[in-house]
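Chain residues, written in single-letter form:
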Amino acid sequence: MIAGAVAGQEIAGRETAGRETAGQETAGQETAGRDTEEPADCAGIIAPGGECEQMEPLDEVSGFRIRPGLYGSNGATALPGAVNFTVHSHGAYSCELLLYHRMENSPYAVIPFPEKYRVGNVYSMIVFGLKITEFEYAYRLDGPWDPSKGLLFDRTKPLLDPYAKAITGQSVWGVKRGDEDQYHARVVRNNFDWKDVFRPKLSMSDSIIYEMHVRGFTHHPSSGVENPGTFAGLMEKIPYLKELGVTTVELMPIFEFDETQDRRVVGGKTLCDFWGYNTVSFFAPNTSYTAADEYNREGEELKTLIKELHENGMEIILDVVFNHTAEGNEHGPVISFKGFDNNIYYMLTPEGYYYNFSGCGNTLNCNHPIVQEMIVECLRYWVTSYHVDGFRFDLASILGRNEDGTPMSNPPLLKRLAFDPLLGDTKLIAEAWDAGGLYQVGSFPAFCHWAEWNGKYRDELRSYLKGEYWLAPQAVKRITGSPDLYRSDKEYQGYNSSVNFITCHDGFTLCDLYSYNQKHNEANGWNNTDGSDDNRSWNCGTEGPTDDEVVNRLRMKLMKNACAVLMCSRGTPMLLAGDEFGFSKQGNNNTYCQDNELSWLDWGLIKKNRELFLFFKQMIHFRKKHRSIRCELGAAKCGFPSVGTYTSDSWDVSVTNETKTVGILFAGYDEEQEADDIVFLAVNPYWEEQVIRLPKLPAHYAWSVEADTSDDGVSHDTSHAAAHTAAGNEPCRIGARSVLVLAASERRTD
C-alpha cells in the first residue's frame, strides 16, 4: 500500500458549486466531501496497482475503532469511511487525539494513541466512522517539563497540529472565538478541479512583480468590489492588473494568523496584527480572507483565485515567514510547536530562553532536520496543492543560521530548497537580511536558484534619484543588473538574481518617499520609535500634503523618475500596490498594525492622479516591448554592446562622483522582431538642466523619445518627440531632476 495515496479515491470536480453562508454550521447543509458511501467499519486506500484495498479496524479505544495509520502522511487525512491522524514528537512520552464538536472548547472524545502504534517518534492511527464535516481536532502530549532545557510538555494543554490544513474559529476578520488560547484544526478534502489550467512558468526576466496585502488591496469602499478584503475581491481586480501590465502578484502573508493578536486601542482606533507576519499554521490559508465559509473545503477560494490568475497568464508568489511563529518568547502563548518539541523547533539559549533574530520574540530552528523537513513539506504542499509559482522568504538570512544562531557557510535548508525536485521551477526569493544584524545582499547562499530582494538597489537608487548625484557610479551598477553583486562565481544567476525595487510594504510608499523627510508613526502608539529611520526620502520642500502646485509637480516628476528607472533596469522589477496612483500612508512607514485608511488603497486616486497611472502603464508596456532591457540578446548588428554607459560626452564611459547625468544603453539583436532592439535611458538627478550626447546610430536608424519626465506626460511621435529625434552624437538637453527614455528605430523612407 502507498502511504498517503488517498487522493485517488476522489474524483476531480466532485465538489458542488454552492457555498455555505456564514452561520451554516450543520453537517447536513454541506455537500462537498460528504462521507456517505463508505461503511463505518472499513476504510479504503489505493494500492500500487490502482485497486482499492479495504482496511478493517484492529482495536477499539475510547469507543472508537482504530488501526495503525499511514506513518508517512503528516497531519490529518480523509479516507473513505475513516480519517488518518499522524503526528510526531521527539520528547513526548505519549499522545492523545482530541475530538471536538464545532464551536466547542471541551472535547467530546479523547483517544490515546496506543503505545504499539508508535513507530520511532511518530504516532499514527486511523479512526473509523468519522465524518470530516462533524468534528474539529487537536492533540495533547505528555512529557518532561524543564524550561531550563527547553522542555515544555503539558499533558493538560490542547495543541494545534503543526501540519493542520485548516484552522477553526477565525473565519471572520477581527473576531476571535472565545477568550481561551486554543486552536483547533479541520480535515480538508483536496479535490479541487484545476481543469486544464497550468502554471505560466514565466522567467525572472519576463516578470513584473506587484506586491500587495489581500485585505488592504480591496477593503476600501472605493474599490467597488462585491467582496472587499478577500481573495474573491482580489479576483475581481484581475482585469485591472492586466490593464496595468504586471505579470506576478506577490501576496503578503496568507498563512493562518491571528489578526487579533496584541490588539490595542491608540488614539481611538483599534490596532491589530494587520500585516500577518505572525504565523499560526504554515499549511493553512487564512480563513478570514475568504468571502464565504469553506467548512472542510478551506482553500477553495484561494485556489480559484490562483486558477483565474493563471488563466490570465499571471503568476502568484507567497510571502512566507519561516523565521518565527506567533508563539512569541517565554511569555507568549503555547499554540503548537512549543508543546510538541520546543527545544527542536526554536533556537534556544543555553538557559532555555529564545534567541530573537527575528525581532518578534522567537526564532525558528530552521536547520534542525525536523524543522527542515517541515519547511520542505510545507512548500511542496503549496506548490502541488495550490499551484503556487514562487515564494518570498521574510528575513531569509535566519534560514541560514545554525542552531546556536551563528551564520552557516553552506546552510543545508537553503541548499535543499534550491535542489528540491518539486521546487525546481519555483521562484525562491530571499529577503537577504534579518533583525539580528546579518545582511547578505550579494552574499546570500543562492545555489544557482535563489534570487534576492536587492536592498542595495532600493537604498542607492533612492539616494541618487532624490538628488545625490555623486552616487552615480553605484546607480549605474544597480540599473545594469548589479553585476558587482550577482556574479556566477558566487552561484548567482546574474541579473536574474536581482529583484529591483524602490518601495515595498515595509517603508514609505512612493508618494510618501517624496512627501516626507521623516517618518510619522505616532498612530502606532510607540512614540514614533518604531519603523526605520533610514528612509532616504525628500519632501520637496514641504512636509506632507500641500496645495503648492510647484511642490506637487516636482513630486509627480520624481515619482515618474523612479518608475522609469525601475522599468529600465536589468533585473526583475517589483512595484508596491498603490504606487501607480500615488497612494499615501501619511508618512507612516510601518503600518503593520493599521487596519484602516492608512493601509486600505483609495481607488479614487486613479482619477485624481491619472497622469501617474498612465505613466506607469506606459513604462510597463515599454519594458515588455524591449527585451534588450530585460535580458541578454544576441550581438546587435549595429555593433553596440549589450550594455553601455554614457555621460555628457558619448565616448566618455567613466562615471565618477562628479558625473551629474548618466546614460545607459541596452542593445541586442531580437530574433523575434528580426531587428536590433536599442534603448537609451538618461537620468539627471541634478537640480539644473544638463546636456548629454546620444550614442551615434547607423545611418538608417534614429532616436525617438518614449518618455520625458520633464513633460506633463509621455510623448509618442509628437512634435516634442520629433524635436529630440536624431541619429545621435549630438547634444540632448535633459531637464532638471528628469529622466529621458529613448528607443532607436529604422527611419521611414516614404
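Residues numbered from 1 in each chain as written. Predicted model: local features only at pLDDT ≥ 70, side-chain atom pairs only at ≥ 80, totals over all residues. Heavy atoms only, no water.

Now for the packing of aromatic side chains. In this structure the tally under the stated criterion is 47 aromatic pairs. Look at W173 and F257: their rings are 6.1 Å apart centre to centre, the planes differ by 80 degrees, and that puts the pair in the edge-to-face class. A residue pair is termed long-range when its members are at least 10 positions apart, and W173 in the loop between β13 (151-152) and β14 (209-212) and F257 in strand β16 (residues 255-257) qualify at 84 residues. Like W173, the residue F257 is buried in the burial classification. The lysine or arginine in question, R401, covers the ring of F357, its NZ or CZ lying 4.0 Å from the ring centre. (Phe/Tyr/Trp six-rings, centres within 6.5 Å; stacked < 30°, edge-to-face > 60°. Helix = DSSP H or I, 4+ residues; strand = E, 2+ residues; numbered from the N terminus. Buried < 20%, exposed > 50% of the residue type's maximum accessible area, 1.4 Å probe, protein only. Lys NZ or Arg CZ within 6 Å of the ring centre and 35° of its normal.)

For helix α11 (residues 549-567), spanning 19 residues, the distance from its first C-alpha to its last is 27 Å, which sits close to the expected 27 Å at 1.5 Å a residue. When you tally the buried positions in α11, you get 15 out of 19 residues, the bulk of the element. For α11, the capping residue at the N-terminal end is D548, with a side-chain oxygen 2.9 Å from the backbone nitrogen of V550. (Expected span 1.5 Å × (residues − 1). Polar contact = N/O pair within 3.5 Å; in protein donor to acceptor, adjacent residues only side chain to side chain.)

In this section: the nonpolar core. In this structure, F85, Y137, W382 and F393 are the most contacted members of the largest nonpolar core, which totals 189 residues. In terms of residue count, the dominant contributor to this core is α11 (11 residues). Contact partners of W382, with chain neighbours within four places excluded, come to I254, F255, F282, F283, A284, P285, L302, L318, H387, V388 and F391. Within the second largest apolar cluster, 19 residues are counted, among which are F640, A682, Y701 and L740. (Core = buried A, V, L, I, M, F, W, Y, C linked by side-chain atoms within 4.5 Å. Contact = heavy atoms within 4.5 Å.)

Tracing the backbone shows H505 in the loop between β24 (498-501) and α10 (510-513). There is a polar contact of 2.6 Å between the side chain of H505 and the side chain of E211. A polar side-chain atom of H505 sits 3.1 Å from a polar atom in the side chain of Y277. For H505, the residues in contact, after removing those within four places along its chain, are E211, M252, W275, Y277, D319, R392, W453, L576 and K585.

A few words on the packing of helix α8 (residues 455-465) against α11. Two elements in contact, α8 and α11, have axes whose closest approach is 11 Å; the angle formed by their N-to-C orientations is 135 degrees. On the basis of the axis angle, α8 is oblique to α11. Between α8 and α11 the crossing geometry is right-handed. Only L558, A562, V565 and L566 of α11 make contact with α8, whose side of the interface consists of Y457, L461 and L465. (Axes fitted to C-alpha atoms, helices over the stretch in contact; angles between N-to-C directions. Parallel < 35°, antiparallel > 145°, perpendicular 65-115°, else oblique. Left-handed = near helix turned anticlockwise from the far one by under 90°.)

So, about the side chain of D258. Relative to the helices and strands, D258 resides in the loop between β16 and β17 (264-266). Relative accessible area serves as the criterion here: at 4%, D258 is assigned to the buried category. Among the polar contacts listed, one links the side chain of D258 to the side chain of T260, at a separation of 2.5 Å. When sequence neighbours within four positions are dropped, the list of residues in contact with D258 reads Q170, K176, Y183, D273, N278 and V280.

What follows concerns the sheet that holds strand β11 (residues 136-142). Overall, antiparallel pairing links the three strands, which are arranged β8-β7-β11 in an open sheet. At either end of the open sheet lies a strand with only one pairing partner, and these are β8 (109-112) and β11. With direction set aside, neighbouring strand axes in the sheet form an average angle of 25 degrees. Relative to β11, strand β7 (residues 94-100) runs antiparallel, the two sharing seven bridges. Across the sheet, the residue bridging to L99 is Y137, located in β11. (Pairing = 2+ DSSP bridges.)

So, on to the confidence of the model for the chain. Per-residue pLDDT for the chain has a mean of 90; in total, 89% of the residues score no lower than 70. Contacts of residues 1-39 to residues separated by more than four positions or lying in other chains number 82 contacts, the stretch itself having pLDDT below 50. The model gives residues 713-724 a pLDDT under 50, and that stretch makes 20 contacts with residues more than four places away or in other chains. (pLDDT = per-residue confidence, 0-100.)

This part takes up the environment of P411. Within the secondary structure layout, P411 lies in the loop between β21 (390-393) and α7 (412-419). You can call P411 buried: its relative accessible area is 1%. When the C-alpha positions of P411 and N367 are compared, they lie 7.3 Å apart, and in sequence the two are 44 residues distant. Apart from residues lying up to four places away in sequence, P411 is in contact with N367, L399, G400, P445 and F447.

Quick look at the sheet that holds β24 now. Pairing within the closed barrel is parallel, and its eight strands lie in the order β14-β15-β20-β21-β22-β23-β24-β25. This sheet shows a mean twist of 25 degrees between the axes of neighbouring strands, independent of strand direction. In this sheet, strand β20 (residues 315-320) lies alongside strand β15 (residues 248-251) in parallel orientation, the contact comprising four bridges. Each residue of the ladder has a partner; that of T248, found in β20, is E315. Across the sheet, α11 lies against β24 and β25 (572-576), angled at about 150 degrees from β25, the strand it touches most.

On to the state of the cysteines. Enumeration over the complete set of coordinates arrives at zero disulfides. No disulfide involves C593; its sulfur sits 7.8 Å from the nearest other cysteine sulfur, which is in C272. Note on C593: relative accessible area 1%, which makes it buried. (Disulfide = S-S within 2.5 Å.)

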